[in-house]
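Descriptive structure summary
So the chains spell out like this:
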Amino acid sequence: GELAPLRVMISGAPASGKGTQCEMIVEQFNLTHIATGDLLRAEVAAGTEAGMLAQEYMQKGQLVPNEIVVAMVKNKLDIAPNGWLLDGYPRSLSQAEALEAFDIHPQIFILLEVPEEILVQRVVGRRLDPVTGKIYHLMYSPPETPEIAARLTQRDDDTEAKVKLRLKTHSSNVQSVLDTYKDVIKVVDGNRPKDQVFADIQNLIVELQGKTEVVPAQ
Ligand code: AP5
(Lines give C-alpha, C1' and ligand atoms only; values in the text may rest on other atoms or scores of the structure.)
Protein backbone atom coordinates (compact mmCIF):
# COMPACT_ATOMS: atom_id res chain seq x y z
CA GLY A 1 0.00 0.00 0.00
CA GLU A 2 0.91 3.67 -0.06
CA LEU A 3 3.16 5.02 2.69
CA ALA A 4 2.23 8.03 4.77
CA PRO A 5 4.94 10.70 5.25
CA LEU A 6 7.13 9.87 8.24
CA ARG A 7 7.99 12.24 11.08
CA VAL A 8 11.33 11.27 12.62
CA MET A 9 13.48 13.00 15.23
CA ILE A 10 17.09 12.03 15.89
CA SER A 11 18.91 13.16 18.97
CA GLY A 12 22.04 12.58 20.97
CA ALA A 13 25.05 14.37 22.42
CA PRO A 14 27.50 16.32 20.21
CA ALA A 15 29.26 13.88 17.84
CA SER A 16 27.03 10.96 18.79
CA GLY A 17 26.60 10.34 15.05
CA LYS A 18 23.37 12.16 14.18
CA GLY A 19 24.64 13.65 10.92
CA THR A 20 26.32 10.41 9.86
CA GLN A 21 23.15 8.39 10.43
CA CYS A 22 21.03 11.05 8.72
CA GLU A 23 23.15 10.71 5.55
CA MET A 24 22.25 7.02 5.48
CA ILE A 25 18.58 7.48 6.49
CA VAL A 26 17.98 10.06 3.76
CA GLU A 27 19.51 7.84 1.11
CA GLN A 28 17.23 4.96 2.09
CA PHE A 29 13.97 6.68 3.01
CA ASN A 30 13.81 9.94 1.01
CA LEU A 31 12.90 12.14 3.99
CA THR A 32 13.69 15.85 4.12
CA HIS A 33 16.70 16.25 6.43
CA ILE A 34 16.41 19.33 8.61
CA ALA A 35 19.57 19.86 10.69
CA THR A 36 19.59 23.04 12.76
CA GLY A 37 23.39 23.02 13.09
CA ASP A 38 23.78 22.88 9.28
CA LEU A 39 21.13 25.57 8.75
CA LEU A 40 22.86 27.84 11.27
CA ARG A 41 26.31 27.27 9.75
CA ALA A 42 24.84 28.21 6.36
CA GLU A 43 23.54 31.48 7.85
CA VAL A 44 26.96 32.16 9.36
CA ALA A 45 28.70 31.46 6.04
CA ALA A 46 26.26 33.73 4.20
CA GLY A 47 26.94 36.50 6.73
CA THR A 48 23.26 37.18 7.42
CA GLU A 49 22.13 39.08 10.47
CA ALA A 50 20.79 35.87 12.03
CA GLY A 51 24.09 34.16 11.21
CA MET A 52 26.18 36.86 12.86
CA LEU A 53 24.14 36.61 16.04
CA ALA A 54 24.08 32.79 15.97
CA GLN A 55 27.85 32.62 15.61
CA GLU A 56 28.43 34.19 19.03
CA TYR A 57 26.48 31.41 20.71
CA MET A 58 27.89 28.61 18.58
CA GLN A 59 31.44 29.70 19.40
CA LYS A 60 30.64 29.29 23.08
CA GLY A 61 28.85 25.96 22.63
CA GLN A 62 25.58 27.51 23.80
CA LEU A 63 22.11 27.29 22.34
CA VAL A 64 21.26 29.92 19.75
CA PRO A 65 18.19 31.92 20.85
CA ASN A 66 14.75 30.58 19.93
CA GLU A 67 13.96 33.78 18.02
CA ILE A 68 16.33 32.54 15.34
CA VAL A 69 15.90 28.79 15.52
CA VAL A 70 12.18 28.16 15.92
CA ALA A 71 10.97 29.92 12.77
CA MET A 72 13.88 28.51 10.79
CA VAL A 73 12.77 24.96 11.62
CA LYS A 74 9.06 25.65 11.18
CA ASN A 75 9.64 27.03 7.67
CA LYS A 76 11.49 23.86 6.66
CA LEU A 77 8.90 21.52 8.19
CA ASP A 78 6.20 23.29 6.20
CA ILE A 79 7.89 22.33 2.94
CA ALA A 80 8.56 18.64 3.62
CA PRO A 81 5.64 16.79 1.98
CA ASN A 82 7.48 13.44 1.84
CA GLY A 83 8.13 13.42 5.55
CA TRP A 84 10.92 14.84 7.66
CA LEU A 85 13.98 13.88 9.65
CA LEU A 86 14.65 16.49 12.30
CA ASP A 87 18.28 16.50 13.51
CA GLY A 88 19.41 18.59 16.47
CA TYR A 89 16.03 20.09 17.27
CA PRO A 90 14.41 20.45 19.77
CA ARG A 91 17.26 20.90 22.25
CA SER A 92 15.35 22.49 25.11
CA LEU A 93 11.96 22.36 26.72
CA SER A 94 10.91 25.65 25.15
CA GLN A 95 11.86 24.40 21.67
CA ALA A 96 9.86 21.21 22.21
CA GLU A 97 6.91 23.25 23.44
CA ALA A 98 7.07 25.45 20.36
CA LEU A 99 6.58 22.39 18.15
CA GLU A 100 3.80 21.05 20.33
CA ALA A 101 2.06 24.42 20.00
CA PHE A 102 2.25 24.09 16.19
CA ASP A 103 0.72 20.60 16.62
CA ILE A 104 3.87 19.04 15.21
CA HIS A 105 4.73 15.68 16.80
CA PRO A 106 7.26 12.99 15.86
CA GLN A 107 6.22 9.36 15.45
CA ILE A 108 9.62 8.27 16.67
CA PHE A 109 12.43 9.92 18.65
CA ILE A 110 15.72 8.11 18.06
CA LEU A 111 18.25 8.66 20.84
CA LEU A 112 21.89 7.79 20.06
CA GLU A 113 23.82 6.80 23.17
CA VAL A 114 27.63 7.14 23.18
CA PRO A 115 29.97 7.45 26.20
CA GLU A 116 31.51 10.89 26.73
CA GLU A 117 35.19 9.94 26.24
CA ILE A 118 34.30 8.51 22.80
CA LEU A 119 32.50 11.75 21.87
CA VAL A 120 35.65 13.80 22.42
CA GLN A 121 37.70 11.51 20.14
CA ARG A 122 35.04 11.75 17.47
CA VAL A 123 34.94 15.53 17.60
CA VAL A 124 38.66 16.16 17.31
CA GLY A 125 39.01 13.74 14.37
CA ARG A 126 35.96 14.93 12.45
CA ARG A 127 36.45 16.51 9.03
CA LEU A 128 33.94 17.76 6.46
CA ASP A 129 34.01 17.76 2.69
CA PRO A 130 32.91 21.24 1.58
CA VAL A 131 32.12 19.92 -1.91
CA THR A 132 29.76 17.04 -1.03
CA GLY A 133 28.88 17.97 2.56
CA LYS A 134 29.91 14.46 3.62
CA ILE A 135 31.14 13.82 7.17
CA TYR A 136 34.48 12.04 7.70
CA HIS A 137 36.70 11.02 10.60
CA LEU A 138 40.47 10.75 10.24
CA MET A 139 40.46 7.32 11.93
CA TYR A 140 36.95 5.90 11.81
CA SER A 141 35.75 7.11 8.44
CA PRO A 142 38.75 8.31 6.39
CA PRO A 143 38.37 10.04 3.00
CA GLU A 144 38.25 7.73 -0.03
CA THR A 145 40.81 9.57 -2.17
CA PRO A 146 43.82 11.89 -1.68
CA GLU A 147 41.90 14.53 -3.63
CA ILE A 148 39.09 14.53 -1.04
CA ALA A 149 41.62 14.38 1.82
CA ALA A 150 43.29 17.56 0.55
CA ARG A 151 40.11 19.62 0.64
CA LEU A 152 38.66 18.53 4.01
CA THR A 153 37.81 21.23 6.53
CA GLN A 154 37.30 21.31 10.29
CA ARG A 155 34.49 23.00 12.22
CA ASP A 156 35.41 25.97 14.44
CA ASP A 157 33.69 24.36 17.43
CA ASP A 158 35.43 20.99 17.06
CA THR A 159 38.15 21.47 19.64
CA GLU A 160 38.40 19.55 22.90
CA ALA A 161 37.68 22.69 24.93
CA LYS A 162 34.63 23.64 22.88
CA VAL A 163 33.14 20.18 22.83
CA LYS A 164 33.26 20.17 26.63
CA LEU A 165 31.12 23.31 26.60
CA ARG A 166 28.74 21.77 24.04
CA LEU A 167 28.43 18.64 26.19
CA LYS A 168 27.59 20.77 29.21
CA THR A 169 24.87 22.61 27.30
CA HIS A 170 23.52 19.28 26.09
CA SER A 171 23.40 17.63 29.50
CA SER A 172 21.67 20.56 31.14
CA ASN A 173 18.86 20.57 28.54
CA VAL A 174 18.37 17.00 27.40
CA GLN A 175 16.14 15.61 30.16
CA SER A 176 13.20 17.93 29.56
CA VAL A 177 13.28 17.07 25.84
CA LEU A 178 13.29 13.34 26.62
CA ASP A 179 10.35 13.83 28.97
CA THR A 180 8.35 15.48 26.19
CA TYR A 181 8.83 12.52 23.85
CA LYS A 182 8.98 9.65 26.35
CA ASP A 183 6.18 7.73 24.60
CA VAL A 184 8.06 7.50 21.29
CA ILE A 185 11.73 7.28 22.35
CA LYS A 186 13.87 4.47 20.94
CA VAL A 187 17.35 4.27 22.43
CA VAL A 188 20.05 3.08 20.01
CA ASP A 189 23.60 2.16 21.06
CA GLY A 190 25.65 4.59 18.98
CA ASN A 191 29.00 3.24 20.14
CA ARG A 192 29.31 0.67 17.34
CA PRO A 193 30.43 0.87 13.71
CA LYS A 194 28.12 3.19 11.80
CA ASP A 195 26.63 0.41 9.62
CA GLN A 196 25.57 -1.54 12.71
CA VAL A 197 23.98 1.55 14.21
CA PHE A 198 22.18 2.16 10.92
CA ALA A 199 20.89 -1.42 10.75
CA ASP A 200 18.99 -0.84 14.01
CA ILE A 201 17.65 2.52 12.87
CA GLN A 202 16.57 1.06 9.55
CA ASN A 203 14.60 -1.67 11.34
CA LEU A 204 12.89 0.90 13.53
CA ILE A 205 11.84 3.04 10.57
CA VAL A 206 10.66 0.06 8.50
CA GLU A 207 8.58 -1.07 11.46
CA LEU A 208 7.11 2.41 11.71
CA GLN A 209 6.28 2.42 7.98
CA GLY A 210 4.37 -0.84 8.49
CA LYS A 211 2.23 0.83 11.12
CA THR A 212 1.55 3.92 9.02
CA GLU A 213 0.62 2.28 5.73
CA VAL A 214 -2.31 4.15 4.26
CA VAL A 215 -5.33 1.87 3.84
CA PRO A 216 -6.87 2.60 0.42
CA ALA A 217 -10.44 3.91 0.50
CA GLN A 218 -13.07 1.28 -0.39
P1 AP5 B 1 25.23 20.75 15.63
O2 AP5 B 1 25.85 20.99 14.33
O3 AP5 B 1 23.91 20.10 15.67
O4 AP5 B 1 26.28 19.99 16.54
P5 AP5 B 1 26.15 18.85 17.64
O6 AP5 B 1 24.82 18.60 18.22
O7 AP5 B 1 27.22 19.18 18.58
O8 AP5 B 1 26.35 17.55 16.83
P9 AP5 B 1 27.48 17.29 15.83
O10 AP5 B 1 27.15 17.83 14.50
O11 AP5 B 1 28.77 17.73 16.46
O12 AP5 B 1 27.56 15.71 15.81
P13 AP5 B 1 26.70 14.56 15.16
O14 AP5 B 1 25.92 13.89 16.23
O15 AP5 B 1 25.98 15.00 13.94
O16 AP5 B 1 27.90 13.58 14.78
P17 AP5 B 1 28.56 13.22 13.36
O18 AP5 B 1 27.68 12.30 12.61
O19 AP5 B 1 29.08 14.43 12.67
O20 AP5 B 1 25.11 22.14 16.43
C21 AP5 B 1 26.17 23.04 16.46
C22 AP5 B 1 25.80 24.28 17.26
O23 AP5 B 1 24.69 24.93 16.62
C24 AP5 B 1 25.33 24.04 18.71
O25 AP5 B 1 26.41 23.97 19.59
C26 AP5 B 1 24.45 25.27 18.95
O27 AP5 B 1 25.23 26.40 19.23
C28 AP5 B 1 23.79 25.47 17.59
N29 AP5 B 1 22.49 24.76 17.50
C30 AP5 B 1 22.21 23.64 16.77
N31 AP5 B 1 20.93 23.27 16.95
C32 AP5 B 1 20.38 24.18 17.80
C33 AP5 B 1 19.09 24.31 18.38
N34 AP5 B 1 18.09 23.43 18.14
N35 AP5 B 1 18.89 25.35 19.20
C36 AP5 B 1 19.86 26.23 19.48
N37 AP5 B 1 21.11 26.15 18.98
C38 AP5 B 1 21.36 25.13 18.15
O39 AP5 B 1 29.80 12.33 13.87
C40 AP5 B 1 30.86 12.92 14.59
C41 AP5 B 1 32.19 12.26 14.16
O42 AP5 B 1 32.19 10.89 14.55
C43 AP5 B 1 32.42 12.26 12.65
O44 AP5 B 1 33.78 12.45 12.41
C45 AP5 B 1 31.99 10.86 12.20
O46 AP5 B 1 32.69 10.43 11.05
C47 AP5 B 1 32.31 10.02 13.42
N48 AP5 B 1 31.34 8.94 13.61
C49 AP5 B 1 29.99 8.99 13.45
N50 AP5 B 1 29.44 7.80 13.72
C51 AP5 B 1 30.46 6.97 14.08
C52 AP5 B 1 30.51 5.60 14.49
N53 AP5 B 1 29.40 4.85 14.60
N54 AP5 B 1 31.72 5.10 14.81
C55 AP5 B 1 32.85 5.84 14.72
N56 AP5 B 1 32.85 7.14 14.33
C57 AP5 B 1 31.67 7.69 14.01
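Bear in mind the structure is a predicted one, so any value in this text is a computation, not a measurement. (Residues numbered from 1 in each chain as written. Predicted model: local features only at pLDDT ≥ 70, side-chain atom pairs only at ≥ 80, totals over all residues. Heavy atoms only, no water.)

**Observations regarding the overall build of the protein**
Counted only if it meets this: Runs of H or I in DSSP of at least four residues are treated as helices and runs of E of at least two as strands, each being numbered from the N terminus. Only the C-alpha atoms count toward the radius of gyration. The rule for a globule is 2.2 Å times the residue count to the power 0.38. When a residue's accessible area, from a 1.4 Å probe over protein chains only, is under 20% of the maximum for its type it is buried; when over 50% it is exposed; and in between it is partly exposed. What makes two residues a contact is simply this: any of their non-hydrogen atoms within 4.5 Å. The Shrake-Rupley method, run with a 1.4 Å probe sphere, supplies the accessible areas, and residue values consider only the shown protein chains as cover. Positive residues here are Lys and Arg, negative ones are Asp and Glu, while His and the chain termini are left out of the count. The atom standing in for a charge is NZ when the residue is Lys, CZ when it is Arg, CG when it is Asp and CD when it is Glu.
Assigned secondary structure in the protein consists of 9 helices and 9 strands. Its C-alpha atoms give the protein a radius of gyration of 17 Å, near enough to 17 Å, the size a compact globule of 218 residues would have. Summarising its shape, the C-alpha atoms of the protein cover approximately 60 × 40 × 30 Å along the three principal directions. Taken over 218 residues, the protein has a buried fraction of 44%. Put simply, 71% of the contacts in the protein that link residues at least 6 apart link residues at least 24 apart. Split by element, the accessible area of the protein, about 11700 Å² in all, is 53% carbon and sulfur. Taking the average location of the 22 positive side-chain charges in the protein and that of its 30 negative ones, the two points are 4 Å from each other.

**Remarks on the packing of aromatic side chains**
Which entries qualify depends on this criterion: Ring geometry is summarised as follows: Phe, Tyr and Trp rings, the Trp one being its six-membered ring, pair when their centres sit within 6.5 Å, and such pairs are stacked at plane angles under 30 degrees, edge-to-face over 60 and tilted between the two. Only lysine NZ and arginine CZ atoms are considered, and such an atom sits over a ring when it is within 6 Å of the ring centre and within 35 degrees of the ring normal.
Inspection of the entire model under this criterion finds 1 aromatic pair. Geometry around Tyr57 places Lys60 over its ring, the cationic atom sitting 5.8 Å from the centre. Taking the ring centre of Phe102 as reference, the NZ or CZ of Lys74 above it sits at 4.8 Å.

**Some thoughts on the packing of helix H4 (residues 66–77) against helix H5 (residues 93–101)**
Rule in force here: To obtain each axis, a line is fitted to C-alpha atoms, and for helices this fit is confined to the stretch in contact; angles are then taken between N-to-C directions over 0 to 180 degrees. In this scheme, a crossing is called left-handed if the near helix is turned counterclockwise away from the far one by less than a right angle; it is called right-handed if the turn is clockwise. Each residue receives one of three labels: charged for Asp, Glu, Lys and Arg, nonpolar for Ala, Val, Leu, Ile, Met, Phe, Trp, Tyr, Cys and Pro, and polar for the others, Gly being one of them.
Close contact between H4 and H5 brings their axes to 11 Å; oriented N to C, the two are set at 35 degrees. Two packed elements cross with a definite hand, and for H4 against H5 that hand is right-handed. Within the contact between the two elements, H4 uses Asn66, Val69, Val70 and Leu77 and H5 uses Ser94, Gln95, Ala98 and Leu99. Residue composition of the contact of H4 with H5, grouped by class: 5 nonpolar, 3 polar and no charged.

**Some thoughts on the site of the ligand**
Put simply, the test is: Being near a molecule or strand, for a residue, means having at least one of its heavy atoms within 4 Å of it. By the criterion applied in these results, polar contacts are pairs of N or O atoms within 3.5 Å in which, for protein atoms, one can donate a hydrogen and the other can accept it, and in which residues neighboring in sequence qualify only through two side-chain atoms.
Neighbouring the ligand are 35 residues; Thr20, Gln62, Arg91, Arg126 and Arg166 lie closest to it. One of the backbone N or O atoms of Lys18 is found 2.9 Å from an oxygen atom in the ligand. Notes on the ligand: free accessible area 1000 Å², of which the protein chains cover 95%. For the shell around the ligand, the secondary structure elements donating two or more residues are helix H1 (18–29), helix H2 (36–46) and strand S7 (135–137). Per element, the largest residue contribution to the shell around the ligand is 4 residues, and it comes from H2.

**Considerations on the pairing of strand S2 (residues 6–12)**
The two faces of a sheet get side chains in turn, since along a regular strand they alternate between them. Counted only if it meets this: Between any two strands, at least two bridges found by DSSP are needed for them to pair.
In terms of residue burial, S2 counts as a mostly covered element, since 6 of its 7 residues are buried. Across 5 bridges, S2 lies against strand S4 (residues 83–87) in parallel orientation. If you follow Leu6 over to S4, its bridge partner there is Gly83. Relative to strand S5 (residues 108–113), S2 runs parallel, the two sharing 5 bridges. Paired with Val8 across the two strands is Ile108, which belongs to S5.

**Describing the packing of H2 against H4**
When two helices pack together, their arrangement is given by the angle between the helix axes and by the axis-to-axis distance. For the record, the criterion: Any angle between 65 and 115 degrees counts as roughly perpendicular, while under 35 counts as roughly parallel, over 145 as roughly antiparallel, and the rest as oblique.
For the pair H2 and H4, the least separation of the axes is 11 Å and the interaxial angle reads 110 degrees. Considered as vectors, H2 and H4 are oriented roughly perpendicular to each other. Across the interface between the two elements, Thr36, Leu39 and Leu40 from H2 touch Ile68, Val69, Met72, Val73 and Lys76 from H4. For the contact of H2 with H4, a count of residues per class yields 6 nonpolar, 1 polar and 1 charged.

**A word on the sheet that holds S4**
Across the sheet, which stays open at both edges, the 5 strands sit in the order S3-S4-S2-S5-S8 with parallel pairing between neighbours. The two strands at the open ends of the sheet, each matched to only one other strand, are strand S3 (32–35) and strand S8 (185–189). With strand direction ignored, the average angle separating the axes of adjacent strands in the sheet is 20 degrees. Bridge analysis of S5 against S8 gives 5 bridges, and the strand direction is parallel. Across the sheet, residue Phe109 finds its bridge partner in S8, namely Ile185. Against the sheet, H2 touches S3 and S4, its axis set at about 70 degrees to S3.

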